[in-house]
Structure formats: C-alpha cells, structure tokens
Amino acid sequence: MKTILKFLILGFLTSTLIFGGIVYYIKERPSSETVDPISYFNEFSNDYMNITLEDIRIDLVEPVLLKDNTIYISSEFANMYVDDAIFYDNVENILTITNLSEIRRFNINEDTYTINGVETPTDIVIYEHNSLVYIPETYLERNYPIEFKLGNDKRIVVSNDLQFSKSLANVTYNKAVIRTHPDKKKPSLDTARLDSIVEIYGVELDYYRVRNENGMIGYIRQKDVDIVGQSTTQSKLVYTSHPLNKPLNERVRLVWDQMTAQAVHEFSDYKYENISDINVISPTWFEFIDETGKLSNRCSKTYVSAAHSKGIQVWALMSHNFTNPQWTREILTSTQKRQYVIEQLIDYAQEYNFDGINIDIENVSEDFSNEWVQFMRELYPQAGLKGLCVSVDVYIPSNWSKHYMRDKISEVVDYFIVMAYDEHWSGSEVAGSVASLPWVEEGIILNLEEVTNEKLVLGIPFFNRIWAETDTGLETLAISMYEAQYRLQNAEVIPTYDLATGLNYAEYNQSNKLYKIWLEDIHAISKRVELIEEYNLAGYAGWKLGLETPDIWTELAKMDK
C-alpha cells in the first residue's frame, strides 16, 4: 500500500512539474508573431515611400520620392524638419530659400536659379508632384547638417540630423529581433543581422530603443548588442548679415514722423525744433496703394538731406493700407508681389538716399502669418546687400498676436520695435491707460523671451487718450500731450499719482460727462527710460513727432547712449 502511495505521489509531482514547466514555457516564451511595420504603424503608408528621421516615423503624404537613383525630399518635409526658411509657393511654383545674406529662388524643372537676383547655373533641378516641390537630397546635404540614404531593404528612406550625436551598437546575436515594444510578448517588426550597426535612442526596461539599417524603429534586447561608440556630428553652415552702411553704434533714439498725402521737404515746422537728441527719424512714406503691391511715394531728397545735416538717419516707414486692409493678404501670399514691394523699397532707398526701412504691417492674421515671416526673410538679405538697416514694429505680446512669430522675425531684422501702447484703445469697453507701466514692463519681459535685448527697442506713446463716461456710453479721443495739459488746466484739475498704473491720473466733470485720463507726460517718459536702462534695451521709438511737449526730450536725453 505504501509503495502504491509513493508511486501516486511521485506521479502527481512529476505531472505537476511537467504541467508547471509547460505553463512556464508558455508564459516566458517570446512571441513569434511578426508584423509589417509599414502597415502596423499609422505614420506609414503602403502607397508611397516612407521616411524616418532619427527615431521619428514621419507622418506626411509622400515625404520622399525616388527618381533616377536619386532621393528627392518634399518641400513639406524640408520646411518642417530641415529649415523652415525653405518656402514653396505652390500657386506660382517658386521655391525660395533664405538666410541672413542670401535669397535663392528655384523654378520647376529649370537648371538655373537665382542668388540675390543673379541667375546661376546649377545641377540641382527641382520638380513638382501633387502640389509639392521635390528637392534633390544633394542640395540639402550640401547646405544643411542632414543625411539621407535608402534603407538596406529599400522600403524606407533613412535620414539623420547630423547636429546631434547618438550611441551606436554592434549586433552580437544573429537575427536579433526588433520588437514593436520593449516586451518579448510583443510582435517582431524586423531583425538586425549579426555585426550590423544599430542607432540607440533610449533605454526601456532591458531593451534599447533603436533604428536598424532598414530604417525600422523598435526595441532590441540590451544583451543582443554591444555599444561601440558615438556617431559623428556636423555643424550648421553659418551665415552673417551684410554690414550696414551706417551702423548706429549707440542706442536707437527714434521718432516716427507721420505724413499724409503731401511730402514734407524741410524741417521748418515747429515739431522739428526739439529733435537734436534723436539719431533716427522714420517718416511714413510708403503704403500699399493697390492689390499688386505698388507703394505710395511721399519721399523727399531735401528731407533726407536735412536729416543727414543734423546727424540723423532716415528709416522710411512702410505700412499696410488702412482703408483696404485686404490687400495685405493678397500681396504677402504672392512671391512675385512680395518681391515687387521689396524692389520698390530698395529702388527708392537708392534714389532718395535714406538709410533704412521700417516695416509697420499691423493687420497680419494667422492664416497668412507664414507669408508674413517670409516677407521679412526675403526683405532682410536684399536690403542688407545695399547696406540698409531693417527694423520692424510689432504689437506687445498677447494671446491674439502670437502668430506674429516674434522669434523668427527678430532673426531677420536689425531692430525689433515693440509698440508698447494701446493697452486701452478706441474700441475698449472700459476706460484705461494708454500704457500702464506694469503692462509695459510685462510686455518687455515677454518680448525678451523671443527677442534679444540688443535688438529690442521700446515703443513709447507721445499721445494721451481722454475718456468721457456719459449716460449713453463711453467716449474716447486720442490727444496730444499739449492738449491733455490744456484740458486739465482749463478744468482746474491737478493730477494725482495712480499706484496701479504708475502714471499720473486726473478726472473731472464737465457738461454732464465724467472725464478720465491717465497721463503720458514727463513722469511717464522718465519711468520708461528707467525700464530701458534696467533691461538694457536697444533704445526707444516715439509715436509720434509733434504730439510731445518739449520737456520730454530732457528726460529722453537722460538715457545712456
């Protein structure tokens, strides 16, 4: 009986061990499932050639093409992942590539291109396919730290950003499995042959995230590879802007000079009496006068000569058309019209001998903000080639003006002027200051996140806004510093300091209306000079000449030069 019991126990234990072994084997056995990565990953498609950039699967339609044993890269991929200054106009079929000193333009299927307007032969021929332009890999590899090659199994184009080094590993296990996830129970998407090299992008559990010679991205067991070193790197080509004919070599002390239909030829008017401290005057000479990009011309050679005789540079201002704002979109979204505008500005600069161009386009909307940036990128090298200073006027940072892309614009200007006023304006629902000091300072801080201090110029209001609260609603009017003083004197009101805004404030009742005004005066100017010094900004720009009282020049002169 004991013998039988022993056999039963032994049999039970054996069965248990066998069953346990089977369970363990099933549990621990790696998955033998395989998937096709082109079908498995949503970023890829079986309908066209795909591409990976480092360990990113690129989710674009037809990002690359193969033609005559050459890899062609779509302008969309190039703009997103190589250089956003690679810009394709798919209406006019023009590819424009800019840097700080050059503007290059390519037309479809042509063996020449232009560099700063000069036609040049080239072995780089671009072609159009499905509303995209395709650029030969050789052009991108010559001009950028990027590399393209066809994966070993010819299913994926493999691209590398050569600015960054990554670890390389030698595969020590024949046909090492690359899985979709760092888990042996997950499917296999490819293998790595013995002694091949994989690129390592991270560690998860006991796996490396890698890309193999086929361009497939997945996970390989750490024990199947040995680290053998780092990939080599390559720096970006460095471009520098053209030197200015007349560098300021000091802080900007600019005032805008607004003109109407008639050009001003002499500095005989009273408003020019106190400009001895400025080094730049910016007359409003140009604006769009039709949808082609034709500019108004209020230039004057005698005006420029008068300014130069006082040691003052002239930076002519160009604005959009305030009566026909729709022209801005029509002009900026056309490569040919943008170029027409730029050529007019440069031609006028040479004819009238002014020193710089100030761009004041205030009605850019988000749907053509890329074209706005492109306009400035195209203007800067062409103006720089003639030694012209380029400056731009942009709103104070806010949620609704992010699309002005200050960081990109600041790269292609000599000076970036923040219009730090109109905190409250004619459309405001409540009365308030033109530019309270805390609001101005916050705007400076926000701008400095995107614009370097040596380029950032503080725009200063020389005007006031008076408000009237009535039984029927709110009235407002922009007035000069002179008129503000006159109104307060006439009402026999003495302003008091307003802690919240940092400005002098006054209110009074007159004709059944409550008038309120937060004063832009000598006190406000002195505080702005302090902000310029505190944040080491590039200077000031005042809007506009003739609205200020003479005493503000005394305060502005205190700014370190």
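Source: prediction; values computed, not measured. (Residues numbered from 1 in each chain as written. Predicted model: local features only at pLDDT ≥ 70, side-chain atom pairs only at ≥ 80, totals over all residues. Heavy atoms only, no water.)

A. Region of the structure containing the packing of aromatic side chains. Under the criterion given, the structure shown has 24 aromatic pairs. With a centroid separation of 4.5 Å and an interplanar angle of 10 degrees, the aromatic rings of F267 and Y272 are classed as stacked. The pair formed by F267 and Y272 is uniform in burial state, with each residue classed as buried. Measuring from centroid to centroid gives 6.0 Å for F286 and F354, while their planes differ by 55 degrees, and the two rings are tilted. Separated by 68 residues along the polypeptide, F286 in strand β22 (residues 280–287) and F354 in the loop between α7 (335–352) and β24 (356–360) bring together distant segments of the chain. (Phe/Tyr/Trp six-rings, centres within 6.5 Å; stacked < 30°, edge-to-face > 60°. Buried < 20%, exposed > 50% of the residue type's maximum accessible area, 1.4 Å probe, protein only. Helix = DSSP H or I, 4+ residues; strand = E, 2+ residues; numbered from the N terminus.)

B. Looking closely at the packing of helix α10 (residues 437–448) against helix α12 (residues 522–534). Close contact between α10 and α12 brings their axes to 11 Å; oriented N to C, the two are set at 25 degrees. By the angle between their axes, α10 is roughly parallel relative to α12. For the pair α10 and α12, the sense of crossing is right-handed. On the side of α10, the interface is formed by L437, V440, E441 and I444, while α12 contributes K527, R528, L531 and E534. Here the residues of the contact of α10 with α12 are counted per class, giving 4 nonpolar, no polar and 4 charged. (Axes fitted to C-alpha atoms, helices over the stretch in contact; angles between N-to-C directions. Parallel < 35°, antiparallel > 145°, perpendicular 65-115°, else oblique. Left-handed = near helix turned anticlockwise from the far one by under 90°. Contact = heavy atoms within 4.5 Å. Nonpolar A, V, L, I, M, F, W, Y, C, P; charged D, E, K, R; others polar.)

C. The arrangement of the sheet that holds strand β2 (residues 56–57) in detail. Within the open sheet, the 4 strands sit side by side as β2-β1-β13-β12. Their pairing is mixed. The sheet is open, and its two borders are formed by β2 and β12 (146–150), each paired with just one other strand. Here strand β1 (residues 50–53) runs beside β2; their pairing, made up of 2 bridges, is antiparallel. Residue pairing across strands places L53 opposite I56, the latter belonging to β2. (Pairing = 2+ DSSP bridges.)

D. Layout of the environment of D36. In this structure, D36 sits in the loop between α1 (2–28) and α2 (37–40). Given a relative accessible area of 31%, D36 falls into the partly exposed group. Expressed as a C-alpha distance, the spacing of D36 and L189, which sit 153 residues apart in the sequence, is 6.0 Å. Contact partners of D36, with chain neighbours within four places excluded, come to N46 and R155.

E. Highlighting the layout of surface pockets. Looking at the largest pocket, its volume works out to about 990 Å³. Together, 33 residues line the largest pocket, and E362, Y395, M419, Y421 and D422 are the ones closest to its centre. Counting residues per element, the ones that place at least two in the lining of the largest pocket are β22, β23 (313–319), β28 (463–470) and β29 (473–480). Taken together, the residues of the lining of the largest pocket sort by class into 18 nonpolar, 7 polar and 8 charged. Here the second largest pocket is characterised by a volume of approximately 620 Å³. Along its surface, the second largest pocket is lined by 21 residues, and D83, A85, T98, N99 and K236 are the ones closest to its centre. Residue composition of the lining of the second largest pocket, grouped by class: 11 nonpolar, 3 polar and 7 charged. (1 Å grid on protein atoms, 1.4 Å probe; cavity = no way out; pocket = protein on both sides within 12 Å on 5 of 7 lines; lining within 4 Å. Points joined across faces, edges and corners; volume = space filled by probe spheres on them.)

F. Structural detail: α10. Taking 1.5 Å per residue as the helical rise, α10 with its 12 residues ought to reach 16 Å, and the 17 Å between its terminal C-alpha atoms agrees with that figure. Listed as buried for α10 are L437, W439, V440, G443, I444 and N447. Projected down its long axis, α10 carries its buried residues within an arc of 160 degrees, all on one side. If you follow the buried residues of α10, they end up packed against α9 (406–411), β26 (415–419), β27 (456–461), β31 (503–510) and α12. (Expected span 1.5 Å × (residues − 1). Arc of directions from axis to C-beta.)

G. Spotlight on the pairing of strand β8 (residues 112–115). Both strand β7 (residues 103–107) and β8 contribute to a ladder of 3 bridges, which runs antiparallel. Each residue of the ladder has a partner; that of R104, found in β8, is I115. Counted between consecutive antiparallel strands, the loop separating β7 from β8 contains 4 residues, among which N109 sits at a positive phi close to 60 degrees. Joining the antiparallel neighbours β8 and strand β9 (residues 118–121) is a turn of 2 residues, in which N116 adopts a positive phi near 50 degrees.

H. Representation of the environment of K67 in the model. You can see K67 is positioned in strand β3 (residues 64–67). Taking C-alpha positions, K67 is 9.4 Å from P136, a pair spaced 69 residues apart along the chain. Excluding residues that lie within four positions of it along the chain, K67 makes contacts with Y72 and Y127.

Remember, this is a structural readout, not a statement about activity or role.
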